[in-house]
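Take a look at the letters that make up each chain.
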Amino acid sequence: MAAASTPQSFLLQHPLYPSLKTLSYIPSKQHLRPRPRLSTVSCTAVHPAPASVSVTKDQGRIFNFAAGPATLPESVILKAQSELYNYHGSGMSIMEMSHRGKEFDAVIKNAESDLRRLLAVPDDYAVLFLQGGATTQFAAVPLNLCAPDDAADYIVTGSWGDKAFKEAQKFCKPNLIWSGKSDKYTKIPPFEGLEQNPNAKYLHICANETIHGVEFKNYPTPSNKDAIMVADMSSNFCSKPVDVSKFGVIYAGAQKNVGPSGVTIVIVRKDLIGNAQPITPVMLDYKIHADSASLYNTPPCFTIYICGLVFADLLEQGGLVEVEKKNAKKAGILYDAIDGSDGFYVCPVEKSVRSLMNVPFTLEKTDLEKKFIEEAAKEGMIQLKGHRSVGGVRASIYNAMPLAGVEKLVAFMKDFQARHL
Ligand code: PMP
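Keep in mind the model is a prediction, meaning the values are calculated, not measured.

This brings us to helix 11 (residues 369-378). Regarding helix 11, the residues found buried are Glu369, Phe372, Ile373, Glu375 and Ala376. If you follow the buried residues of helix 11, they end up packed against strand 11 (345-346), strand 12 (358-363), strand 13 (381-382), strand 14 (393-396) and helix 12 (403-419). Immediately downstream of helix 11, the backbone of Gly380 shows phi near 90°, a positive value.

A few words now on the sheet that holds strand 14. Here three strands make up an open sheet; going across it, the order is 11-12-14 and the pairing antiparallel. This sheet does not close on itself; its edge strands, each paired only once, are strand 11 and strand 14. Both strand 12 and strand 14 contribute to a ladder of four bridges, which runs antiparallel. Residue pairing in the sheet places Asn358 in a bridge with Ser396 of strand 14. Helix 10 (residues 320-339) contacts strand 11, strand 12 and strand 14 of the sheet and is inclined by roughly 15° relative to strand 12. With respect to the sheet, helix 11 is in contact with strand 11, strand 12 and strand 14, its orientation differing from that of strand 12 by roughly 130°.

The next point concerns the site of the ligand. Taken together, 13 residues lie around the ligand, and Thr135, Thr210, Asp232, Gln255 and Lys256 are the ones closest in. In the environment of the ligand, an oxygen atom lies 2.4 Å from a nitrogen or oxygen atom belonging to the side chain of Thr210. Within the side chain of Lys256, one N or O atom sits 2.8 Å away from a nitrogen atom of the ligand. Of the residues forming the shell around the ligand, the biggest block, four residues, is contributed by helix 6 (residues 133-145). Tallied by class, residues from the shell around the ligand come to four nonpolar, seven polar and two charged.

It is worth spelling out the pairing of strand 3 (residues 151-156) at this point. As a general feature of sheets, a regular strand has side chains that alternate between the two faces. Within strand 3, six of the six residues are buried, which leaves the element mostly enclosed by the surrounding structure. Here strand 3 shows two buried faces, one formed by Ala151, Asp153 and Ile155 and the other by Ala152, Tyr154 and Val156. As paired strands, strand 3 and strand 4 (residues 173-179) are joined by six bridges and run parallel to one another. The residue bridging Val156 from the neighbouring strand is Ser179, located in strand 4. For the segment spanning strand 3, helix 7 (residues 159-168) and strand 4, crossover handedness is right-handed. Pairing of strand 3 with strand 5 (residues 202-206) involves two bridges; the strand directions are parallel. Within strand 5, the residue paired with Asp153 across the bridge is Leu203.

On the basis of which strands lie adjacent, the open sheet formed by seven strands has the order 2-10-9-8-5-3-4 and mixed pairing. The sheet is open, and its two borders are formed by strand 2 (125-130) and strand 4, each paired with just one other strand. Averaged over all neighbouring strand pairs, the angle between strand axes comes to 15°, with direction disregarded. Summarising the sheet, strand 8 (residues 228-232) and strand 9 (residues 249-253) pair through three bridges and their orientation is parallel. In the strand pairing of strand 9, Ala231 is matched with Ile250. With respect to the sheet, helix 6 is in contact with strand 2, strand 3, strand 5, strand 8, strand 9 and strand 10 (264-269), its orientation differing from that of strand 9 by roughly 160°.

The end-to-end C-alpha distance of helix 6, which contains 13 residues, comes to 19 Å, matching closely the 18 Å that a straight helix rising 1.5 Å per residue would cover. Remark: the principal bend of helix 6, roughly 30°, maps to Ala139, with a proline, Pro142, within the next four residues. Most of helix 6 sits out of view: 10 of its 13 residues are buried. Listed as buried for helix 6 are Ala134, Gln137, Phe138, Ala139, Ala140, Val141, Pro142, Leu143, Asn144 and Leu145.

This brings us to the environment of Pro348. By secondary structure assignment, the location of Pro348 is in the loop between strand 11 and strand 12. With 162 residues separating them in the primary sequence, Pro348 and Thr186 have C-alpha atoms 6.4 Å apart. Those residues in contact with Pro348 that lie beyond four places of it in its chain are Thr186 and Pro360.

Before going further, it helps to examine the packing of aromatic side chains. Each aromatic ring pair is described using two quantities: the centre-to-centre distance and the angle formed by the ring planes. Inspection of every chain in the model, using the stated rule, returns 15 aromatic pairs. Pairing Tyr87 with Tyr305 gives two aromatic rings, centres 5.7 Å apart and planes at 85°, and the pair type is edge-to-face. Residue Tyr87 is found in the loop between helix 4 (74-84) and helix 5 (102-119), and its partner Tyr305 is found in helix 9 (residues 301-316); the two are separated by 218 residues along the sequence. You can call Tyr87 buried: its relative accessible area is 8%. Ring centres of Tyr345 and Phe372 lie 5.8 Å apart, and the angle between their planes is 65°; on these two criteria the pair is classed as edge-to-face. Note that Tyr345 is positioned in strand 11 and Phe372 in helix 11, a separation of 27 residues in sequence. A relative accessible area of 0% means that Phe372 is categorised as buried. What links up through ring pairs into an aromatic cluster is the set Phe344, Tyr345, Phe361, Phe372, Phe412 and Phe416. Here the guanidinium or amino end of Lys163 rests over the ring plane of Trp160, the centre of that ring lying 4.6 Å away.

Moving on to the pattern of salt bridges. Tallied over the full model, the rule gives 22 salt bridges. Members of the salt-bridge network, linked through shared partners, are Lys371, Glu375, Asp415 and Arg419.

Criteria and thresholds
- Residues numbered from 1 in each chain as written.
- Predicted model: local features only at pLDDT ≥ 70, side-chain atom pairs only at ≥ 80, totals over all residues.
- Heavy atoms only, no water.
- Buried < 20%, exposed > 50% of the residue type's maximum accessible area, 1.4 Å probe, protein only.
- Helix = DSSP H or I, 4+ residues; strand = E, 2+ residues; numbered from the N terminus.
- Contact = heavy atoms within 4.5 Å.
- Pairing = 2+ DSSP bridges.
- Axes fitted to C-alpha atoms, helices over the stretch in contact; angles between N-to-C directions.
- Near = heavy atom within 4 Å.
- Polar contact = N/O pair within 3.5 Å; in protein donor to acceptor, adjacent residues only side chain to side chain.
- Nonpolar A, V, L, I, M, F, W, Y, C, P; charged D, E, K, R; others polar.
- Right-handed = clockwise from strand over helix to strand, strands pointing away.
- Expected span 1.5 Å × (residues − 1).
- Bend = angle between axes of the 7 residues up to and from the residue.
- Phe/Tyr/Trp six-rings, centres within 6.5 Å; stacked < 30°, edge-to-face > 60°.
- Lys NZ or Arg CZ within 6 Å of the ring centre and 35° of its normal.
- Salt bridge = Lys/Arg side-chain N within 4 Å of Asp/Glu carboxyl O.

Dropping the structure here:
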């Protein structure tokens, strides 16, 4: 009965096995064969194991318009699936191996070098894979860049920028130099008129407001020549080329455009590292992480591995110039459908700053919104509900949302409108 207690045989005996085997990767007989090194351990399956079953493209996948965690490229999911059980012949999955072993060392190094290629990150910038979400960076940024009495400027174009500003109040003296709140966060200010603090250490923006769908199309310059730009790029990271050299710090949670939740990527100019406030926890100190190549403590290994697969996929697509073209096309057909609906659908965001990633809209007849979202879900288009703070509908159409998903949504919108005039 030794075999019955192995994890493999447990899976094979599972009552859902017949259906599971069509959905997920099931170990093949070859994988279950004892490895010579482990000859005392018996791994015999009690049922004959099928040849490895791979899920084919389009098998039961739906269009997921969630704002994050968000849809990932199908090719990445399938590749991860194929490598999950026995990563590159190591005899274990990425989730089980040491973060200091040679396999993971290659994973994190490749992820970093592919990201550097994608964004053309200059050599004088460090790329860090950290934890705590972008929310932790709201504190880490002032802690690393300011003394407690230093000033910093914040332009607030939505809820995330507002959260960053409020968190900074604990660690420095931030100034709110512009807020779009009175316009319900539908605008970006003209840069000329901004009254920046001449002593500010940095100017912070949220490059794409995920809830409100407002995106910077270009960037202001700090008036203090020694100050730097800091951007939260969580929801448009790697969606288009960015001139990294215009920023001192770029940070982004992975779970929208580049991976699962669990890792936050920080790109920071090296000369800004090493001046953290003495109270800075080690986990928030850029120097600690830069000095140990993001391996000061146990990193989110599996998440970093998936990010690496996404970066490789983006490079294979031709890099961010090509990716941006695809994103512009997808967003274009969705905004055209909204604007061409004679007011049935309305996007409140000023046209010039509409996000290519998050498209919020309302229905003129607001009482129909619930029905719209429910019917779309029945058609295989899920997570279209607007953020709880603003309501309405929001379609997040990150890099991994296929054009077909947006086309299906647009066709549904037209049909829904025709049925509810
Ligand atoms: N900034 C932006 C722009 C976001 O969209 C989010 C998450 N939705 C955050 C920050 C917070 O990220 P996290 O949940 O990773 O802390």
